Each structure stands twice: as C-alpha cells, then as structure tokens.
Amino acid sequence: MIRAFTYQFEELGVIPADLYDLMGFEEDLPEPFPEMIAYALSKAPQLFNISGGFKRFESIEVNLLNETLKLENELFHPSKIVTTQLRKSSAAALFVCTAGEGISNHAAKTTKNDPVLAYIFDVLGSVTVEKAMDNIQMKLNHEVKQEGMNISDRYSPGYCNWSVSEQQKLFSLLPNNFCGVTLSASSLMHPIKSVSGIIGIGSGLTQKGYQCKWCSDTNCIFRRIKRTK
C-alpha cells in the first residue's frame, strides 16, 4: 500500500519559533535575525515543492540478537537503538519526504551576497521538510489507529548509529523517483532537503519522542531542537 501527498508551504504552519529552535536561539533573538527570518518566510511560498509519502509493508522481521530488520528480501542493520524500539512491530512503513530543490538552490544563490540570510533559508528548508514529514506521520498514525494499531517514532539511515549506506536498500523497496527523490551512489538524497526512513506499526508500539540520550550523533536535527528546550 502506497500513499503520496503534496503540500503548499502555507499548509504546514511554519512559524519563526520553529527556526529559532533549530538555530539554537530562545525567544529573544538578537537583531537582525527576526527581520531576516520574517523576510525568508515571506519568500517561502515560491521556493518550495513539497511532497512525500510512504509504502506500507504488512510483515517485518526484527532480530534483536543480530540487530537486524528484514522487509521483503532486504536485510537492514540499523543498530541496537532502532531494532530495540521496533521490536514490537508487526508491520512497517518506509517513508520519503522532500522540500524540493528550489529552497536549496535559492540558499546557494544567496550565499555570495548574504551568507547569514542564506543560512536562514537553509534552516527553513530543514524545518519545512520535517514539518511535512510530521504531517505524513500523523496521517499514517490515523490510518493504523483505525486498524487497532499504533506507530513508533521514525528512524532514518544516518542517525542513531544506522549507516547512511543502507539508504540503497531502503530506496530499492520504493518506486523509482518516489515523490521526486533520487539517491546518489554515495547514498545522498536529491533534493538535498529530503528525509527517508522507517516507522514501525504494531499494537504494542508507542511514540516516545526524541530520546537523544540513546544516540551519539551531535549533528542530529532532533538533538539540536531538544537542546534548546
């Protein structure tokens, strides 16, 4: 079962505080950041091509001893963190979501004349793709709730000690160019502002939020948000 969605930037409800979090600021932002963020948000509707979706798999094998997950013919090695959190899964969904290439292109063009503003546009791209994926995850949650099941948090290659190279296996289980996202030979997604990963499905699952103490990745977007709270 495959679901795909598109969004207008305005639908996602991105507000200045969302950028404050990721930039490491609290409410009292020094000048000129508030004005620059307001400017970036005013330009945002023309810079995004947001889409995403998921493919459901009605069977998953989780092996805690070997720290592996198996979906169809692909065996993943996502680390103890991920397998432990998905151990009660009876099914799973692989997801992809992108903000499109427009925002990254605009940030790159802005860098020469105003690197600070370019950074704000870059952060806006990261915030927007996560907001879109939050929405898609809620849609999946609503879908499985009607079947008497729950979902886990989402986990992505490159985080929680899960090798980014396993993006290759993940994308092999999805339609080609799913939601406009492609993968390079080095396992990097294009457009750049894209996310992918897995969400467990099962009656015994719960969402626990960002448990940063489990992971040593200091560059993780979720850790940076959590640190400001």
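Refer to the structure above for everything that follows.
Okay, so let's go over this structure. No experiment lies behind these values; they were computed from the predicted model shown. (Residues numbered from 1 in each chain as written. Predicted model: local features only at pLDDT ≥ 70, side-chain atom pairs only at ≥ 80, totals over all residues. Heavy atoms only, no water.)

## Quick look at the sheet that holds strand β3 (residues 61–63)
We count it as follows: Any two strands with at least two DSSP bridges between them are considered paired. Numbering of helices and strands starts at the N terminus; helices are DSSP runs of H or I of at least 4 residues and strands are runs of E of at least 2. Lines fitted to C-alpha atoms define the axes, with helix axes restricted to the stretch in contact, and inter-axis angles between N-to-C directions lie between 0 and 180 degrees.
One open sheet accounts for three strands, arranged β3-β4-β5; its pairing is antiparallel. The open sheet has two edge strands with one neighbour each: β3 and β5 (74–76). Going from strand to strand, the sheet's axes swing by 20° on average, the running direction of each strand aside. Bridge count between strand β4 (residues 68–71) and β5: three bridges; the pairing is antiparallel. Across the sheet, the residue bridging to Leu71 is Glu74, located in β5.

## Brief notes about the packing of helix α1 (residues 16–23) against helix α2 (residues 33–43)
The axes of two packed helices give the description: the angle between them and the distance between them. Defined as follows: Comment on the angle field: the value is read as roughly parallel under 35 degrees, roughly antiparallel over 145, roughly perpendicular from 65 to 115, and oblique elsewhere. Here a crossing is called left-handed whenever its near helix is offset anticlockwise from the far helix by less than a right angle, and right-handed whenever the offset is clockwise. Contacts were defined at the residue level, with two residues in contact if any of their heavy atoms lie within 4.5 Å. In this classification, Asp, Glu, Lys and Arg are treated as charged, Ala, Val, Leu, Ile, Met, Phe, Trp, Tyr, Cys and Pro as nonpolar, and every other residue, Gly included, as polar.
At a closest axis distance of 10 Å, the pairing of α1 and α2 adopts a crossing angle of 120°. For the element pair α1 / α2, the angle class is oblique. Read as a crossing pair, α1 and α2 show a hand that is right-handed. The segment α1 lies against α2, with Pro16, Leu19, Tyr20 and Met23 engaging Phe33, Ile37 and Leu41. Residues that form the contact of α1 with α2 fall into these classes: seven nonpolar, no polar and no charged.

## Section: the nonpolar core
Using the following cut-off: Each nonpolar core is a collection of buried residues, namely Ala, Val, Leu, Ile, Met, Phe, Trp, Tyr and Cys, held together in the definition by side-chain atoms within 4.5 Å. Between buried and exposed lies partly exposed: a residue is buried under 20% and exposed over 50% of the maximum accessible area for its type, with that area taken using a 1.4 Å probe on protein chains only.
Judged by nonpolar contacts, the single largest core of 44 residues is most densely connected at Leu19, Phe48 and Leu124. Among the secondary structure elements, those contributing two or more residues to this core are β1 (2–7), α1, α2, β2 (50–57), β6 (91–98), α4 (102–111), α5 (115–145) and β10 (194–202). When residues in this core are grouped by element, the largest group, twelve residues, is from α5. Beyond its immediate stretch of four places on either side in the chain, Phe48 contacts Phe9, Ala99, Ile103, Leu124, Gly125 and Thr128.

## Section: the pattern of salt bridges
To keep things clear, this is the line we draw: Salt bridges are defined as contacts in which a side-chain nitrogen from Lys or Arg sits within 4 Å of a carboxyl oxygen from Asp or Glu.
Enumeration according to the criterion identifies nine salt bridges in this entry. Between Glu143 and Arg56 there is a salt bridge, with the nearest N and O atoms lying 2.9 Å from each other. Taken together, the residues Glu143 in helix α5 and Arg56 in strand β2 connect sequence positions 87 residues apart. Residue Glu143 shares its accessibility class with Arg56, and that shared class is buried. Here Arg154 makes a salt bridge to Asp134, at a shortest N to O gap of 2.8 Å. Of this pair, Arg154 sits in strand β7 (residues 150–155) while Asp134 sits in helix α5; the two residues are 20 residues apart in sequence, bridging distant segments of the chain. The class of Arg154 is buried, set by a relative accessible area of 14%. One network of salt bridges, with partners in common, ties together Arg3, Arg56, Glu58, Glu143 and Glu147.

## Examining the packing of α1 against α5
Where α1 contacts α5, the axes come no closer than 10 Å and their chain directions differ by 105°. Judged by the angle between their axes, α1 and α5 are roughly perpendicular. Taken together, the residues of α5 that come into contact with α1 (itself represented by Asp18, Leu19, Leu22 and Met23) are Tyr119, Ile120, Val123, Leu124, Ser126, Val127 and Lys131. Here the contact of α1 with α5 is composed, by residue class, of eight nonpolar, one polar and two charged.

## Structural notes on unusual backbone geometry
With an omega of 0°, the peptide bond running from His190 to Pro191 counts as cis. Among the secondary structure elements, Pro191 is positioned in the loop between β9 (189–190) and β10. Despite not being glycine, Glu67 has its phi angle at roughly 55°, a positive value. If you trace the backbone, Glu67 turns up in the loop between β3 and β4. Located in the positive-phi region is Glu72, a residue other than glycine, with phi close to 50°. By relative accessible area, Glu72 is classed as exposed at 53%.

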